[in-house]
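For reference, the chains in residue letters:
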Amino acid sequence: MSVLEQILARKRQRVESAKGRVPLESLRATVDAQRPATHRLLTSIQRDGINIIAEYKRRSPSKGIIRADVDVETMVQNYEIGGAAAISVVTEEDYFSGSLDDLKRVRSTVELPVLRKDFVFDPYQIYEAVAAGANAVLLIVAALADNQLVELRTLAEDELGIDALVEVHDAAEMERAAQCGAQLIGVNNRNLHTFEVTLETSLQLSTLAPPTATLVSESGLNTSDDLSMLAEVGYRGFLIGETLMRSDDPARLLQDLAGS
């Protein structure tokens, strides 16, 4: 069983447990009462300049604990000061030590658009994300069947008015993203099987993206030159996590990366 399969298996157990605690009908009522402003992440990423989605991530399966000496409020305040276009919050519990509580704390701390980054496969998780304050959710093509991609993207974008960042890793996944109607596509430079990272993935897949899609590059982005190079081939957004999380001055680093 691959790491992705292990994560999904555990996530299914957690989703079923969550449904027992908070029924879908209750989540729907919460979402109906607080309808968020529509498509905030997409709007933020489409603005001029280098638009960085700054990520709060406690740990990863490949790197272990990334940083344990800073709380979520302090970090995302630094991200906002540094000019981040949006915040990504990793909410997967067992392999990344995240939680929906982290997302709620981010939502109560900053006004920026917030992305729930998790392994989403059930409509329940999208309602869960919106109820917690998310403006967008991650949909990983490698983890979903075609019908799931269409169902989840449609629910998020057309019914609830939030954005779906549809994540791809290769040419076949880019084609599937296009077929599901994705308008916001994230290209992950990390190989899911080897965990190796190369920006060539973003360079190559930029030529295969639908012309109407807004592109976000993810993983392995360490310098302003990296971002400028990818901006030249059409990327509008850049998701950066570990580099910022390890920084002693993430606000200044964000400004340096964006060339501001």
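Rules used throughout
Residues numbered from 1 in each chain as written. Predicted model: local features only at pLDDT ≥ 70, side-chain atom pairs only at ≥ 80, totals over all residues. Heavy atoms only, no water. Helix = DSSP H or I, 4+ residues; strand = E, 2+ residues; numbered from the N terminus. Rg over C-alpha atoms; globule rule 2.2 N^0.38 Å. Buried < 20%, exposed > 50% of the residue type's maximum accessible area, 1.4 Å probe, protein only. Contact = heavy atoms within 4.5 Å. Areas by Shrake-Rupley, 256 points an atom, 1.4 Å probe, with all protein chains shown as cover. 1 Å grid on protein atoms, 1.4 Å probe; cavity = no way out; pocket = protein on both sides within 12 Å on 5 of 7 lines; lining within 4 Å. Points joined across faces, edges and corners; volume = space filled by probe spheres on them. Pairing = 2+ DSSP bridges. Axes fitted to C-alpha atoms, helices over the stretch in contact; angles between N-to-C directions. Polar contact = N/O pair within 3.5 Å; in protein donor to acceptor, adjacent residues only side chain to side chain. Nonpolar A, V, L, I, M, F, W, Y, C, P; charged D, E, K, R; others polar. Expected span 1.5 Å × (residues − 1). Phe/Tyr/Trp six-rings, centres within 6.5 Å; stacked < 30°, edge-to-face > 60°. Lys NZ or Arg CZ within 6 Å of the ring centre and 35° of its normal.

With that out of the way, let us pick up the overall build of the protein chain. If you tally the helices and strands in the protein chain, you get twelve helices and ten strands. Against the 2.2 N^0.38 benchmark of 18 Å for 260 residues, the protein chain shows a C-alpha radius of gyration of 17 Å, consistent with a compact globule. Its C-alpha atoms put the protein chain at 50 × 40 × 40 Å along the principal axes. The 260 residues of the protein chain split such that 52% are buried. For the protein chain, contacts bridging at least 24 residues in sequence account for 68% of all contacts bridging at least 6. Looking at the protein chain as shown, the accessible area adds up to about 11000 Å², and 47% of this sits on carbon and sulfur atoms.

This part takes up the layout of surface pockets. To find leftover empty space, one rolls a probe the size of a water molecule over the atoms. Taken as a whole, the largest pocket encloses approximately 580 Å³ of empty space. If you trace the largest pocket, you find 32 residues lining it, with Lys57, Lys117, Asn188, Arg190 and Ser219 closest to the centre. Every element with two or more residues in the lining of the largest pocket is listed here: helix H1 (3-21), strand E6 (136-140), strand E10 (235-240) and helix H11 (242-245). Here the lining of the largest pocket takes three residues from H1, the largest share from any one element.

With that settled, the discussion passes to the sheet that holds strand E5 (residues 114-117). By way of backbone hydrogen bonds, the strands of a sheet pair with one another, either parallel or antiparallel. Strand order in the closed barrel formed by eight strands is E1-E4-E5-E6-E7-E8-E9-E10, with parallel pairing between adjacent strands. Each adjacent strand pair in this sheet contributes to an overall mean axis angle of 25°, direction not counted. Where E6 and strand E7 (residues 163-168) come together, five bridges link them in parallel fashion. Its bridge partner being in E7, Ala136 is matched across the sheet by Asp163. With respect to the sheet, helix H4 (residues 72-81) is in contact with strand E1 (51-56) and strand E4 (86-90), its orientation differing from that of E1 by roughly 170°.

A separate point is unusual backbone geometry. Positive phi outside glycine occurs at His39, with the angle close to 50°. In this fold, His39 is placed in the loop between helix H2 (24-33) and helix H3 (40-45). A positive phi angle, close to 80°, is found at Ser219, a residue other than glycine. Of note, Ser219 is situated in the loop between strand E9 (214-218) and helix H10 (224-232).

Position of Asn222 relative to the elements: it lies in the loop between E9 and H10. Taking the relative accessible area as the measure of exposure, Asn222 reaches 45% and is therefore partly exposed. Those residues in contact with Asn222, other than ones at most four positions away along the chain, are Thr243 and Leu257. For Asn222, the side chain forms a polar contact with the side chain of Thr243, separated by 2.8 Å.

It is the contact of helix H5 (residues 100-109) with helix H6 (residues 123-132), at a shortest axis distance of 9 Å, that shows an interaxial angle of 35°. Contact residues: Leu100, Leu103, Lys104 and Arg107 in H5; Glu128, Ala129 and Ala132 in H6. Partitioned by chemical class, the residues of the contact of H5 with H6 number four nonpolar, no polar and three charged.

With 14 residues, helix H7 (residues 146-159) extends 19 Å from end C-alpha to end C-alpha; this agrees with the ideal 20 Å at 1.5 Å per step. Along its buried surface, H7 packs onto H6, E6, E7 and helix H8 (171-179). Looking at the residues trailing H7, positive phi occurs at Gly161, about 80°.

This paragraph deals with the packing of aromatic side chains. The tally for this structure, following the rule as stated, stands at one aromatic pair. With a centroid separation of 6.0 Å and an interplanar angle of 35°, the aromatic rings of Phe96 and Phe119 are classed as tilted. One end of the pair, Phe96, is in the loop between E4 and H5; the other, Phe119, is in the loop between E5 and H6, with 23 residues separating them in the sequence. The residues Phe96 and Phe119 share a single accessibility class, namely buried. Just above the ring of Phe121 sits the side chain of Arg12; from NZ or CZ to the centre is 5.4 Å.

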